[in-house]
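Results of the structural survey
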Amino acid sequence: MTNQGVDLLTINSGEAEQPFCYTVGLEGSKFLTEIRDNKRFVGIKCPKCGKVYVPPRKVCGPCFTEMTEWVPVKDEGYLHSYTILRFAFLDPETGKEKPVPYGYAFIRLDGADTDFQHYVEIKDEKKVKIGARVRAVFEEKRAGKITDVKHFVVID
Amino acid sequence: MNGVEDITIIGVGQTAIEREKPADTFADMAYEAVTKALDDAGMSIDDIDNIVTTSNDFWDGRTISSMAVNDAVGAGLGKNITTVEGDGTFSAFYGMCRILSGSYKNSLIVTHVKGSISDNIHITNGIFDPIYMRPIGLDSLNTAALQMRRYMAKYGISEEQCAKVSVKNHANALKNPYAQIKKTFTLEDVMDSRLIADPLKLLDCSPISDGAAAVIISGEESAKKHKNAVKVRGVGYCADAYFLGDRDLADANALDMAASRAYESAEIVDPLSEIDVAEVYDAFSYMELMWYEGLGFCAPGGGGKLIDRGVTEMDGKLPVNPSGGLLSGHPVITGGLIRLIEACLQVRGDAGDHQVKGVKTALAHGVNGACGQSHCVWIVGR
Ligand SMILES: [Zn+2]
């Protein structure tokens, strides 16, 4: 492209990477190791408002209160919202295109008061709807990451 | 110096919004917006005693990106220049507060973004928590789809009602010389456009854009008599939880609170009757309907009926986004400041072909964060 007779140039940022090693923290580490070692979800409960958070973290925002009480949360729940991706994007984990279609959902796990976000399997699209009961499917090999949960499947 | 009643907006400037600006660096875009705002105000850079910039390090591809425009925005050597994260309405809020502190007289607010030079999916994926949300690929599009479905399910809003926003705003953009997309779309065009992440279709989404904007805010007594003088009557700012799963995404609670604060200051009791025109952050079609509710133009869940009744059309009781909004051009970061500029032009009677008749009071709205995490609401008037 030219402008006023000048070739308009661009410079590519190149292949340089800036990797981070994110701290998961105490609450997050317990949450992810429970998934890795026991295929179980745990939440954390606010002593003031009683809200159970998944994923767990140290502070209840609205109450500005520290949370220490762990509560079990089921690996089942219901779809609070969902979308089915029809357009292929690069997977941030792999840098490769993820085959479409696939589903994302807000899942309200039994025992939790917040929505957990993950993939939902869409083999039978008609069954994927708000309120549908779902169950977590775990990966065989687990590494202490959120992707140790493979996806959720509709069990209705 | 007492409060917002002493604050006047006296200069505005914006670049054309374009899919890409290959001839302009970030600094070139910022310079264009600043010189236009200074010309508009009849001021020189020497009249400015402090500058607030807003940009985004991921989109700019550098850290402390806002400082890289130092020369282009006129900070030169010795002027106080600072930065606000997020959207331009928030930097304008801070620029106003600096005047209210008594330390400054004239604040220059500048925002810029180049959406064209990188991958927006990766950048908006970077909004999210790297432990739980980023690895599964959440980004601005798929989280918007999740929010849209949640909103439709809770309140019985239809896809057609959302699509009507896109039809309305694209029609309005035909008369805005700064708009990027100037094309007429029918309801069928929007409904039949490519499915991105259902229920979100291509024409429910704002485009990728480049652009910059600047505003001059004054606390000088003489500014009240300036030819451009637009009075600030109220400003409200409010944020909600970071984790999307902590909120019910069908409700705009933070906007409700931000608007209430702005209305209290402006002594507005019935916004639908007392506001003459509104420019709101329509990053996606359904969001405009949600923002009607958060802004109190109707009750929660009433956004669909409001657009059905034509209330927010150009010839309706309260025209919303006569500029064409973000659906016809969305330079992120700059988006909200352009809403404030458009509101000021409407109050001045300088909005040209998309001028709404007899505007005394206008509303501008900016958003920062995924699915409308935080909101800033401005009420300006004569
Ligand atoms: Zn609490």
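The sections below set out a description of the structure shown in this document.

What counts as what
- Residues numbered from 1 in each chain as written.
- Chains lettered and ligands numbered in written order.
- Predicted model: local features only at pLDDT ≥ 70, side-chain atom pairs only at ≥ 80, totals over all residues.
- Heavy atoms only, no water.
- Contact = heavy atoms within 4.5 Å.
- Buried area = accessible area lost by both parts, 1.4 Å probe.
- Salt bridge = Lys/Arg side-chain N within 4 Å of Asp/Glu carboxyl O.
- Helix = DSSP H or I, 4+ residues; strand = E, 2+ residues; numbered from the N terminus.
- Pairing = 2+ DSSP bridges.
- Axes fitted to C-alpha atoms, helices over the stretch in contact; angles between N-to-C directions.
- Donors = N, O, S within 2.8 Å, 3.2 Å for Na, K, Ca; no water.
- Tetrahedral: all angles 85-135°; square planar, octahedral: opposite > 155°, others 65-115°.
- Buried < 20%, exposed > 50% of the residue type's maximum accessible area, 1.4 Å probe, protein only.
- Parallel < 35°, antiparallel > 145°, perpendicular 65-115°, else oblique.
- Nonpolar A, V, L, I, M, F, W, Y, C, P; charged D, E, K, R; others polar.
- Expected span 1.5 Å × (residues − 1).
- Polar contact = N/O pair within 3.5 Å; in protein donor to acceptor, adjacent residues only side chain to side chain.

**A few points about the interface of chain A and chain B**
- Contacts between the two partners involve 38 residues from chain A, matched on the other side by 34 residues from chain B.
- The largest share of the area that chain A buries against chain B comes from Tyr-104, Phe-106 and Gln-117 of chain A, three residues that together contribute 18% of it.
- Summed over the shared surface of chain A and chain B, the result is two salt bridges.
- Close ionic contact of Arg-86 of chain A with Asp-198 of chain B constitutes a salt bridge, the shortest N to O distance being 2.7 Å.
- Those elements that provide at least two residues to the side of chain A that touches chain B are helix H1 (25–38), strand S8 (76–85), strand S9 (102–109) and strand S10 (116–120) of chain A.

**A look at the sheet that holds strand S8 (residues 230–239) of chain B**
Residue and element names in this part refer to chain B.
- Judged by pairing direction, the sheet is mixed, and its nine strands sit side by side in the order S3-S2-S4-S7-S1-S8-S11-S10-S9 without closing on themselves. Of all the strands in the sheet, just strand S3 (80–83) and strand S9 (277–279) have a single pairing partner and so form its edges. Going from strand to strand, the sheet's axes swing by 25° on average, the running direction of each strand aside.
- Pairing of strand S1 (residues 8–14) with strand S7 (residues 210–218) involves six bridges; the strand directions are antiparallel.

**What to know about the coordination of the zinc ion**
All names here are of chain A.
- The zinc ion binds to the protein through Cys-46 (SG), Cys-49 (SG), Cys-60 (SG) and Cys-63 (SG); the donor distances cover 2.3 Å.
- What the four donor atoms of the zinc ion show is an angle range of 106 to 113° at the metal, which sorts the shape as tetrahedral.
- Read in sequence order, the donor residues for the zinc ion give the motif C-x2-C-x10-C-x2-C. Placement of the pair is Cys-46 in the loop between strand S3 (41–45) and strand S4 (52–53) and Cys-60 in strand S5 (residues 59–60), with a sequence separation of 14 residues. For the pair formed by Cys-46 and Cys-60, the shared burial category is buried.

**Side note on helix H10 (residues 285–294) of chain B**
Residue and element names in this part refer to chain B.
- The element H10 is largely enclosed, with a buried count of ten among its ten residues.
- Among the residues making up H10, those that are buried are Ser-285, Tyr-286, Met-287, Glu-288, Leu-289, Met-290, Trp-291, Tyr-292, Glu-293 and Gly-294.
- Just past H10, the residue Gly-296 takes up positive phi, approximately 75°.

**Quick look at the packing of helix H6 (residues 159–173) of chain B against H10 of chain B**
Residue and element names in this part refer to chain B.
- Running from amino to carboxyl end, H6 crosses H10 at an angle of 100°, the nearest separation of the two axes being 7 Å. Classified by the angle their axes make, H6 and H10 are roughly perpendicular. In contact with Gln-161, Cys-162, Val-165, Ser-166, Lys-168 and Asn-169 of H6, H10 contributes Ser-285, Tyr-286, Glu-288, Leu-289 and Tyr-292.
- Across the contact of H6 with H10, the residue classes tally to five nonpolar, four polar and two charged.

**Quick notes on unusual backbone geometry**
- Note that the residue after Val-54 of chain A, namely Pro-55 of chain A, is joined by a cis bond; omega there is 0°.
- Note that Pro-55 of chain A resides in the loop between S4 and S5.
- Between Asp-198 of chain B and the following residue, Pro-199 of chain B, the backbone shows a cis peptide bond with an omega angle of 10°.
- For Pro-199 of chain B, the location among the structural elements is in the loop between strand S5 (195–198) and strand S6 (200–201).
- The phi dihedral of Glu-267 of chain B falls on the positive side, at around 55°, and the residue is not glycine.
- With respect to the helices, strands and loops of the structure, Glu-267 of chain B is situated in the loop between helix H8 (253–266) and helix H9 (271–274).
- By relative accessible area, Glu-267 of chain B is classed as exposed at 67%.

**Observations regarding the pairing of S1 of chain B**
Residue and element names in this part refer to chain B.
- For S1, the tally of buried residues reaches seven of seven residues, placing the bulk of the element in the interior.
- Here S1 pairs with S8 via two bridges, running antiparallel. Bridged to Ile-9 within S8 is Val-230.

**Things to note about helix H12 (residues 335–348) of chain B**
- With 14 residues, H12 of chain B extends 20 Å from end C-alpha to end C-alpha; this agrees with the ideal 20 Å at 1.5 Å per step.
- Note on H12 of chain B: the residue one or two positions beyond its end, Gly-349 of chain B, has a positive phi of about 80°.

**As for the sheet that holds strand S7 (residues 69–73) of chain A**
All names here are of chain A.
- In spatial order, the strands read S4-S3-S7; together these three strands make up an open sheet with antiparallel pairing. Since the sheet does not close on itself, it has two edges, and those belong to S4 and S7, each with one partner.
- With five bridges connecting them, S3 and S7 associate as antiparallel partners. Across the sheet, the residue bridging to Ile-44 is Trp-70, located in S7.
- Lying over the sheet, H1 contacts S3 and S7, oriented at roughly 155° with respect to S3.

**Some details on the side chain of Ser-218 of chain B**
All names here are of chain B.
- Examined against the element boundaries, Ser-218 turns out to sit in strand S7.
- Owing to a relative accessible area of 1%, Ser-218 belongs among the buried residues under this scheme.
- Reaching out from Ser-218, the side chain makes a polar contact with the side chain of Asn-106 at a distance of 2.6 Å.
- In terms of polar contacts, Ser-218 uses its side chain to reach the backbone amide nitrogen of Glu-220, at 3.1 Å.
- Look past the residues within four positions of Ser-218 in its chain and what remains in contact with it is Asp-6, Ile-7, Thr-8, Ile-10, Ile-99, Lys-105, Asn-106 and Ala-223.

By themselves, these are just geometric observations and shouldn't be taken as functional.
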